[in-house]
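Here's the letter readout for the chains.
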Amino acid sequence: MSHTLQSPLHEALRAFIVEKRKKAGLTQAEVAEKLGRYQSFVANIESGQRRIDVVELLDLASAIGFDPRDAIKRLSSIGSKA
């Protein structure tokens, strides 16, 4: 298995999360507070320095207010092109 950090799929997921957070009008600090984490946790995810597991994706979806299936659909469409 190759490294996923900085892969096209990881970049797409990172961009998706940033897009959804901004569309929801939330700051990194507000998302972090909802997650019970520090702002740097969200910053590391959004900057691509930290991978996101499935449980974290579900938590982020709940905190930001998006359907995690939308993220999977977007990534699946990119993955099929790679």
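Each value, and the rule that gives it
Residues numbered from 1 in each chain as written. Predicted model: local features only at pLDDT ≥ 70, side-chain atom pairs only at ≥ 80, totals over all residues. Heavy atoms only, no water. Axes fitted to C-alpha atoms, helices over the stretch in contact; angles between N-to-C directions. Helix = DSSP H or I, 4+ residues; strand = E, 2+ residues; numbered from the N terminus. Parallel < 35°, antiparallel > 145°, perpendicular 65-115°, else oblique. Left-handed = near helix turned anticlockwise from the far one by under 90°. Contact = heavy atoms within 4.5 Å. Nonpolar A, V, L, I, M, F, W, Y, C, P; charged D, E, K, R; others polar. Core = buried A, V, L, I, M, F, W, Y, C linked by side-chain atoms within 4.5 Å. Buried < 20%, exposed > 50% of the residue type's maximum accessible area, 1.4 Å probe, protein only.

(A) Inspection of the packing of helix H1 (residues 8–23) against helix H4 (residues 54–64) at higher detail. Two elements in contact, H1 and H4, have axes separated by 10 Å at closest approach and are oriented at 20 degrees. Put simply, H1 runs roughly parallel to H4. Relative to H4, the crossing made by H1 is left-handed. Here Leu 13, Ile 17, Lys 20 and Arg 21 of H1 come into contact with H4, specifically with Leu 57, Leu 60 and Ile 64. A breakdown of the residues in the contact of H1 with H4 according to their chemical character gives 5 nonpolar, no polar and 2 charged.

(B) Quick peek at the nonpolar core. Membership of the largest hydrophobic core comes to 19 residues, with the highest contact counts inside it found for Leu 13, Ile 17, Val 31, Ile 52 and Leu 60. Looking at this core, the elements with two or more residues in it are H1, helix H2 (28–35), helix H3 (39–46), H4 and helix H5 (68–79). Ranked by the residues each element gives to this core, the list is headed by H4, at 5 residues. Sequence-distant contacts of Ile 52, defined by excluding residues within four places in its chain, comprise Leu 13, Ile 17, Ile 45, Leu 57 and Leu 60.

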